[in-house]
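Coordinates in review
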Amino acid sequence: MSATSDPPTPSRSFPETQTVWIADRLSEGEAGIMLANGYVMESYLRPLTTYCSKIGLARSARADADELVHSFFANRLSNPDYLKSWLTSGLRLRQWLRNGLHFYVHELRRKNATQIEGQGLSEEVASDGLAHDHEFEHAWALASLDLAIKETKAGLEKRGRRDEWEMFWSHFVGGVPHAKIGERFQLTAAQVAQRAFAVGAQLRDALYGILRKDGAFSSEIDLEVRSMMEVLHEIKS
């Protein structure tokens, strides 16, 4: 399947200030820190696990990839200053975490003082960095889309409008004409188009929120959302 057209741009505007949501949570004490940590683990586990599997970080640490990333989160996020340091780093959160995972594995290797296979790992990553970066970004886009879809579906279901998600998905991802979808739901083509358009705006808003938490500027978000929507067909509804 492939998208036949772009979902609409949301009407609301977003402030230029970065990292507002996480900064606010970190200022709320222990409860807020737990919320921020929970969001980080939910959002970045999948892309980091994929990444460390692809480049051999898990092998170098003699650990399962999922186990390694969970251990990394437990180690770093137990320090309340870890995310506070990110706020002043100038990096996107996913870049901060990816770099942090490398440092964590280095610490494990040094601590264990163990000779591992593939001592040329650093050189391998450097020489093939673009390919690995692409894999990481792709995995992050898929994970972010999954979160945005769940948020959008949950909002529609709460309002008793789950059918509108089916209309959106069938048209924007499945390429089914509005009129054909209307036959299924006993609506006109114009009514289906209106509902699908509104759902697309909600999905974009959800993606905007995710990108802002990652540290994106408003000027960067439209381009990133457009790129992320191109992989919608890889996520199963």
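Residues numbered from 1 in each chain as written. Predicted model: local features only at pLDDT ≥ 70, side-chain atom pairs only at ≥ 80, totals over all residues. Heavy atoms only, no water.

**Quick word on the overall build of the protein chain**
Put simply, the rule reads: Each helix corresponds to a stretch of at least 4 residues labelled H or I by DSSP, and each strand to a stretch of at least 2 residues labelled E; elements are numbered beginning at the N terminus. Only protein chains enter the accessibility calculation, which uses a 1.4 Å probe; a residue is then buried when its area is under 20% of its type maximum, exposed when over 50%, and partly exposed in between. Here, two residues are considered to be in contact whenever any of their heavy atoms come within 4.5 Å of each other. Computed with the Shrake-Rupley method and a 1.4 Å probe, the accessible areas treat only the protein chains shown as cover for residues.
Each helix and strand counted, the protein chain has twelve helices and zero strands in total. Going from N to C terminus, the protein chain has its helices and strands arranged as α-α-α-α-α-α-α-α-α-α-α-α. By the burial criterion, 43% of the 237 residues in the protein chain qualify as buried. Long-range contacts, defined as pairs at least 24 residues apart, comprise 72% of the intrachain contacts of the protein chain with a sequence gap of at least 6. When the accessible area of the protein chain is evaluated, it comes to approximately 12400 Å², of which 51% is carbon and sulfur surface.

**With respect to the pattern of salt bridges**
What counts here: What counts as a salt bridge is simple: a side-chain nitrogen of Lys or Arg found within 4 Å of a carboxyl oxygen of Asp or Glu.
For the coordinates displayed, the defined rule picks out 14 salt bridges. Among the salt bridges present, the one from R92 reaches E220, with a minimum N-O distance of 3.6 Å. Within this pair, whereas R92 is found in the loop between α5 (81–87) and α6 (93–112), its partner E220 is found in helix α12 (residues 218–229), the two being separated by 128 residues in sequence. The residue E137 makes a salt bridge to R94 at a minimum N-O spacing of 2.9 Å.

**Side note on the environment of F217**
Checked against the element boundaries, F217 lands in the loop between α11 (189–213) and α12. Put simply, F217 and R92 are 125 residues apart on the chain and 9.9 Å apart in space, counted from C-alpha to C-alpha.

**Description of α12**
Which entries qualify depends on this criterion: To estimate how far a helix should reach, multiply one less than its number of residues by 1.5 Å. The arc in question is the one traced by the directions running from the helix axis out to the C-beta atoms.
Helix length check: α12 (twelve residues) gives 17 Å between terminal C-alpha atoms against 16 Å at 1.5 Å per residue, within 8%. Those residues of α12 not exposed but buried are I221, E224, V225, M228 and M229. Viewed end-on, α12 has its buried residues packed into an arc of 130°, placing them on one side of the element. In α12, those exposed residues whose orientation departs by more than 90 degrees from the buried face are S219 and L223.

**Here's the deal with the packing of aromatic side chains**
Note the threshold: Think of it this way: a Phe, Tyr or Trp ring, Trp meaning its six-membered ring, pairs with another when their centres are within 6.5 Å, and the plane angle makes it stacked under 30 degrees, edge-to-face over 60, tilted otherwise.
Tallied over the entire structure, the rule returns ten aromatic pairs. Considering the side-chain rings of W165 and F168, the 5.2 Å spacing of their centres and the 45° angle between planes classify their relative orientation as tilted. With W165 and F168 both in helix α9 (residues 162–173) and three residues apart, this pair spans about one turn of that helix. For the pair W165 and F168, a shared accessibility class is recorded, and that class is buried. In textbook terms, an aromatic cluster arises when at least three aromatic residues are bridged by ring pairs, as seen for F72, F73, Y82, W96 and Y104.

**Some details on the environment of V40**
Here V40 shows up in helix α2 (residues 30–55). A relative accessible area of 0% places V40 in the buried class. Sequence separation of V40 and R94 is 54 residues, and the distance between their C-alpha atoms is 9.3 Å. In this structure V40 touches L45, F73, L77, L83, L93 and L97, once residues within four positions along its chain are discounted.

**Points about the nonpolar core**
How we decide: To qualify as a nonpolar core, a set must consist of buried Ala, Val, Leu, Ile, Met, Phe, Trp, Tyr and Cys residues joined through side-chain atoms within 4.5 Å.
One finds L48 and L68 to be the most contacted residues of the largest nonpolar core, which totals 54 residues. With nine residues, α2 is the single largest residue contributor to this core. With residues near it in sequence (within four places) discarded, L68 still touches C52, L57, A58, A61, A63, L101, Y104, V105 and L108.

**Comments concerning helix α4 (residues 65–77)**
Taking 1.5 Å per residue as the helical rise, α4 with its 13 residues ought to reach 18 Å, and the 18 Å between its terminal C-alpha atoms agrees with that figure. Burial in α4 covers these residues: A65, L68, V69, F72, F73, R76 and L77. Considered in projection along α4, the buried side chains sweep an arc of 135° and stay on one side of the axis. Opposite the packed face of α4, turned more than 90 degrees from it, sit the exposed residues E67 and A74.

**Section: the side chain of S144**
Of note, S144 is situated in helix α8 (residues 129–158). The exposure class assigned to S144 is buried, which follows from its relative accessible area of 2%. With residues near it in sequence (within four places) discarded, S144 still touches L207, I210 and M228.

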